[in-house]
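Close look at the chain arrangement
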There are 2 protein chains.
Amino acid sequence: MLTIPVRTAESYEIFIERGLIDRSGQIIRAVAPQNCRKIAIITNRRLSELYAGRVTATLRELGYEVIFCLMGDGERFKTLRTVEKVVGCLLSQGLGRHDLIVALGGGVVGDLAGFVAGTFMRGVAFVQIPTTLLAQIDSSVGGKSAVNHKLGKNMIGVFKQPRTVIIDPDVLSTLPQRELFAAMYEAVKYALIADSDLFELLEVVPKTASALLSDRRLEELIACCCYIKADVVSRDERETGERKILNLGHTLGHALETVTGYNRFKHGEAVGYGIMFASSLAKELGLITKEQQDKIYNLVRSFGRLPSLDGIDSGVLLGAIAKDKKSVAGRAVFVLPNGIGKVVIRDDVPIEVLGRLLNRFLEQGL
Amino acid sequence: MLTIPVRTAESYEIFIERGLIDRSGQIIRAVAPQNCRKIAIITNRRLSELYAGRVTATLRELGYEVIFCLMGDGERFKTLRTVEKVVGCLLSQGLGRHDLIVALGGGVVGDLAGFVAGTFMRGVAFVQIPTTLLAQIDSSVGGKSAVNHKLGKNMIGVFKQPRTVIIDPDVLSTLPQRELFAAMYEAVKYALIADSDLFELLEVVPKTASALLSDRRLEELIACCCYIKADVVSRDERETGERKILNLGHTLGHALETVTGYNRFKHGEAVGYGIMFASSLAKELGLITKEQQDKIYNLVRSFGRLPSLDGIDSGVLLGAIAKDKKSVAGRAVFVLPNGIGKVVIRDDVPIEVLGRLLNRFLEQGL
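Owing to the predicted nature of the structure, the values given are computational and were not obtained by experimental measurement.

**So, the relation of the copies chain B and chain A**
Least-squares fitting of chain B to chain A yields an RMSD of 0.0 Å, with the transformation described by 0.0 Å of translation along the axis and a rotation of 180°. A rotation of that kind, with that shift, is consistent with a two-fold axis. Taking the C-alpha atom as reference, chain B places B:Leu80 closest to the rotation axis, 3.3 Å from it. The share of interface residues of chain B whose copies in chain A are also at the interface is 100%, consistent with both copies meeting through the same surface.

**Structural notes on the domain arrangement of chain A**
Residue and element names in this part refer to chain A. According to the domain assignment, chain A contains domain 1 (2–174) and domain 2 (177–364). Of note, the centres of domain 1 and domain 2, computed from C-alpha atoms alone, are 27 Å apart. Residue-level contacts link 31 residues of domain 1 with 31 residues of domain 2. When domain 1 packs against domain 2, the two sides together hide about 2,600 Å² of surface, and 66% of this comes from carbon and sulfur. Counting every contact that joins domain 1 to domain 2 gives four salt bridges. Where Lys189 meets Asp138, a salt bridge forms, and the shortest distance between an N and an O atom there is 4.0 Å. The tally of links from domain 1 across to domain 2 stands at eight residue pairs in polar contact (both at pLDDT 80 or more). Elements with a minimum of two residues in the side of domain 1 that touches domain 2: strand S1 (2–6), strand S2 (12–16), helix H5 (133–139) and strand S8 (152–159). Per element, the largest residue contribution to the side of domain 1 that touches domain 2 is six residues, and it comes from H5. Taken together, the residues of the side of domain 1 that touches domain 2 break down into 16 nonpolar, nine polar and six charged.

**Examining the packing of aromatic side chains**
All names here are of chain A. Tallying each qualifying case throughout the model produces twelve aromatic pairs over all chains. An aromatic cluster is built from Phe265, Tyr273, Phe277, Phe334 and Phe361, whose rings are joined through pairwise contacts. A cation over an aromatic ring shows up here: Lys189 above the ring of Tyr190, its NZ or CZ 4.7 Å from the ring centre.

**Observations regarding helix H2 (residues 45–60) of chain B**
Residues and elements named next belong to chain B. Along H2, the helix axis deviates most sharply at Tyr51, where the bend reaches about 55°. Among the residues of H2, Leu47, Ser48, Tyr51, Ala52, Val55, Thr56, Thr58 and Leu59 are the ones counted as buried. Looking at the buried residues of H2, the elements they touch are helix H1 (24–31), strand S3 (38–44), strand S4 (65–71), strand S5 (100–105) and strand S6 (125–130). One side-chain oxygen of the residue at the start of H2 lies 3.2 Å from the amide nitrogen of Arg46, identifying that residue as Asn44.

Parameters at a glance
Residues numbered from 1 in each chain as written. Chains lettered and ligands numbered in written order. Predicted model: local features only at pLDDT ≥ 70, side-chain atom pairs only at ≥ 80, totals over all residues. Heavy atoms only, no water. Least-squares fit on C-alpha atoms with pLDDT ≥ 70 in both. Contact = heavy atoms within 4.5 Å. Domains from an automatic or database assignment. Buried area = accessible area lost by both parts, 1.4 Å probe. Salt bridge = Lys/Arg side-chain N within 4 Å of Asp/Glu carboxyl O. Polar contact = N/O pair within 3.5 Å; in protein donor to acceptor, adjacent residues only side chain to side chain. Helix = DSSP H or I, 4+ residues; strand = E, 2+ residues; numbered from the N terminus. Nonpolar A, V, L, I, M, F, W, Y, C, P; charged D, E, K, R; others polar. Phe/Tyr/Trp six-rings, centres within 6.5 Å; stacked < 30°, edge-to-face > 60°. Lys NZ or Arg CZ within 6 Å of the ring centre and 35° of its normal. Bend = angle between axes of the 7 residues up to and from the residue. Buried < 20%, exposed > 50% of the residue type's maximum accessible area, 1.4 Å probe, protein only.

Following this line, the structure appears as structure tokens:
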């Protein structure tokens, strides 16, 4: 079993091992509050059919009463309305402030359940069992949770650290290939931020789902990403400074998602484009060489064809970038590779450079 | 000006002075984030008509753009629905994560605005300008905020400390007498918890609204309560232990509010009954003398006639007590006076004693 420590205000550990879901009861018991009697699992119908029985069995064996709150599958259910419903489900089944909430799912379930755990009776204990690769390497680590508002994504949220994260790579076998590989762009992000060895590992791992899932380096890949994120988050839990480097690829990425109504790209795919664009900017500003830019482009492209950029207007995209939550006083903030394994934050990219590169980027239809 | 320090994870100060609302701009500027440009005032229509002009003037003078989000007046508007609307109002007027939210109002506005400030973009800076006596001595201090769920009051919330609390006792002149005096029972609570001098002050202050409001001891009274609450909160920000003593009078108080559908009693009035009941229990358990119990009863009664207890069933009330958020595994937790100026927490009150005293309490129709 691989163990990654996360040093936040309340420190915890991430555990990674194939088949771990069947031992989740013991891990949860070790971190549950002393008076915990009930455990509420927040998940969706599909995942509940796939894994709820196994998680429940290991919890019941230890004497816990297990209750379920199902939510809809998909980003459009990440709303305060769903929070209201889930809280109703918890209250009517008598969950108390000394009990515990488990998020069993991907980013949507994790975000919603984290927000509920952070606000139900002003906060109850929380455990993540991420079931997508994106959640395993990224969203389940770091304590950010949020729901959407119709005027903006992730606009209402809290920082809520889990007591532990239980990662079982075997559950990824039920993921569609597109979803699996969309997550790899976030892995590329971690490599660029902090780890040139991870970059090399990503270059050589299999590029088909079945081969990747049975490759013994998958756990190492997940662990590397968790380690980097945990390390950054440990130094800046509330995103006041350094944590911003995790936004590499996200300035353009979020803008692409916004202008396409969150329909065309998986989040990771938009980040894939964002990473390529950040590399172009970095090359233009002399932070990386042409060779390094090519290496980054090639790695991003190796995970399959990204959805097309056809019909996206550079002016509209620039507007979306300026309105981003990360922008300060309308000035776009970019995280840029500075070599491979190091990044810098820049809010001084001249608007002409930005516009020119964006036009070129959209025209080349990468 | 009286200044009370609050030592939480992020420490801040409470300022108390008559007429202070007209200088709120300077106080807010001193605590606002560096890049703060917009200030959003969350309030209701009535308060906005009374005070918004004055607060706005002092902020505009300093160059801030002031935006308003109005919410309904009353506990029934303390919902996630209102949060959704207020967040929409903030987003559509471009409030950013470096800006600041002001709660201008009583407990309902403070709770709702605190929850919004704690969750909007995962938290923005927050200032309280409480406009009721209850908010000035109690709810604006300590960082608890929450909204209601149809299955329970204050069930969804966060801990969100303000950057400062600006208390202007002159704004209390627009309060109905009943609301003013309902708050005095919370002041009695603070006296019983920690301060026998405050107990004596409460015995001698005027018992009519106009006389109380023009009495120069009013600021001292408010400051004493804030000081005690700040002191308790400083030692236990997240209510894991000592902070529970602030629940004196609230076990029965909340139960009375619940079984009467929050219609019959003002919160403070229910706490007034709760304090008397806690004194009866304390007397029964030998924690206070008959003379001390009489002193407490007399002080509570001196603030006017409490709404009647007619028609409240002791069995139903006992059930509500057992279901309280503070109960641990169904066992009621009571904070009891242990002399005047000291309390103890007890979860071992025998159910027979509880039932017998409750029957007597309801029969005597105090």
